[in-house]
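# Geometric and topological summary
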Amino acid sequence: QVQLVESGGGLVQTGGSLRLSCAASGRAFSNYYMGWFRQAPEKGREFVAAITRRGDITDYAGAVKGRFTISRDNAQNTVYLQMNNLKPEDTAVYYCAADSSFLPTTATMKALSYWGQGTQVTVSS
């Protein structure tokens with residue numbers, strides 16, 4: 001079992017920045033692919049970013065590429081999402097996800113094993 005706890009959400013103005021954290025407990029964190037997803041009101045959950053187990057490869061949704069950066073610290077059992085130049089359309093609940101077999105993507109979302117409870121990000125215009 002892996003437990004995931006997100007933090008770092010909040011209210012920010014357009015153009016501002018936030019850094020989300022996802023702390024993992026349980027089995028060896030470095031064995032897991034990690035990802036971030038988000039869900040806006042009345043919309044489905046969507047992929048945001050993913051990172052491989054060693055952190056050497058990352059992937060981003062087109063809407064956030066160039067503005068968001070995913071990273072991980074395996075010694076601290078934590079994955080981060082640095083969000084810059086935030087826009088009102090980034091407003092959503094952000095979730096982290098982990099899986100030992102699948103890199104988090106739109107295609108693998110339903111198969112991912114572990115999810116956090118989410119953290120709210122609100123960007124005011």
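Above this text sits the structure in question.
Residues numbered from 1 in each chain as written. Predicted model: local features only at pLDDT ≥ 70, side-chain atom pairs only at ≥ 80, totals over all residues. Heavy atoms only, no water.

### Quick word on the overall build of the chain
Let me state the cut-off plainly: Helix numbers and strand numbers start at the N terminus; a helix is a DSSP run of H or I with at least 4 residues, a strand a run of E with at least 2. Here the globule rule is a power law, 2.2 Å times the number of residues to the power 0.38, and the radius of gyration is based on C-alpha atoms.
If you tally the helices and strands in the chain, you get zero helices and 11 strands. Secondary structure of the chain in N-to-C order comes out as β-β-β-β-β-β-β-β-β-β-β. For the chain, whose C-alpha radius of gyration is 13 Å, the value lies close to the compact-globule estimate of 14 Å for 125 residues. C-alpha atoms of the chain, sized along the principal axes, occupy 40 × 25 × 25 Å.

### Structural notes on the pattern of salt bridges
Selection criterion: Between Lys or Arg on one side and Asp or Glu on the other, a salt bridge is scored when a side-chain nitrogen of the former is within 4 Å of a carboxyl oxygen of the latter.
Evaluation of the coordinates by the stated rule reveals four salt bridges. Here Asp90 ties to Arg67 by a salt bridge, and the two come within 2.7 Å at their closest N and O atoms. Of the two residues, Asp90 sits in the loop between strand 8 (78-83) and strand 9 (92-99) while Arg67 sits in the loop between strand 6 (58-60) and strand 7 (68-73), which places them 23 residues apart along the sequence. Members of the salt-bridge network, linked through shared partners, are Arg38, Glu46, Arg67 and Asp90.

### Examining the packing of aromatic side chains
Both the distance between ring centres and the angle between the ring planes are used here to describe each pair of aromatic rings. Keep this limit in mind: A pair of aromatic rings is counted whenever rings of Phe, Tyr or Trp (Trp by its six-membered ring) have centres within 6.5 Å, and the orientation is called stacked for planes under 30 degrees apart, edge-to-face for over 60 and tilted otherwise. Exposed residues in this analysis have more than 50% of their type's maximum accessible area, buried residues have under 20%, and partly exposed residues fall in between, with area computed by a 1.4 Å probe over protein chains only.
Inspection of every chain in the model, using the stated rule, returns three aromatic pairs. On the numbers, 5.8 Å between centres and 70 degrees between planes, the contact of Phe37 with Phe47 is edge-to-face. With a gap of 10 residues between them, Phe37 in strand 4 (residues 33-39) and Phe47 in strand 5 (residues 46-51) connect regions that are remote in the sequence. Phe47 carries the same exposure label as Phe37, and that label is buried. For the pair Phe37 and Trp115, a centre-to-centre distance of 5.0 Å together with 55 degrees between the ring planes defines the contact as tilted. Of this pair, Phe37 sits in strand 4 while Trp115 sits in strand 10 (residues 114-115), placing them 78 residues apart in sequence.

### A closer look at unusual backbone geometry
Although it is not a glycine, Glu42 sits at a positive phi angle of roughly 65 degrees. Looking at the secondary structure, you find Glu42 in the loop between strand 4 and strand 5. Exposure remark for Glu42: the relative accessible area of 87% places this residue in the exposed category.

### A few points about the pairing of strand 9
On a regular strand, one side chain projects to one face of the sheet and the next to the other, so that they alternate. Which entries qualify depends on this criterion: Pairing between two strands requires that DSSP report at least two bridges joining them.
Among the eight residues that make up strand 9, seven are buried, leaving the element largely enclosed by the rest of the structure. In this structure, strand 4 lies alongside strand 9, joined through seven bridges in antiparallel fashion. Bridge pairing in strand 9 links Arg38 to Tyr94. As paired strands, strand 9 and strand 11 (residues 119-124) are joined by three bridges and run antiparallel to one another. The residue bridging Tyr94 from the neighbouring strand is Thr119, located in strand 11. Judged from the two bridges that link them, strand 9 and strand 10 form a sheet pairing that is antiparallel.

### Topic: the pairing of strand 4
Of all seven residues making up strand 4, six are buried, and the element is well covered by its neighbours. Bridge count between strand 4 and strand 5: five bridges; the pairing is antiparallel. Bridge assignment links Trp36 to a residue of strand 5, and that residue is Ala49. Where strand 4 folds back on strand 5, the antiparallel hairpin that results is connected by six residues, among which Glu42 adopts a positive phi of roughly 65 degrees.

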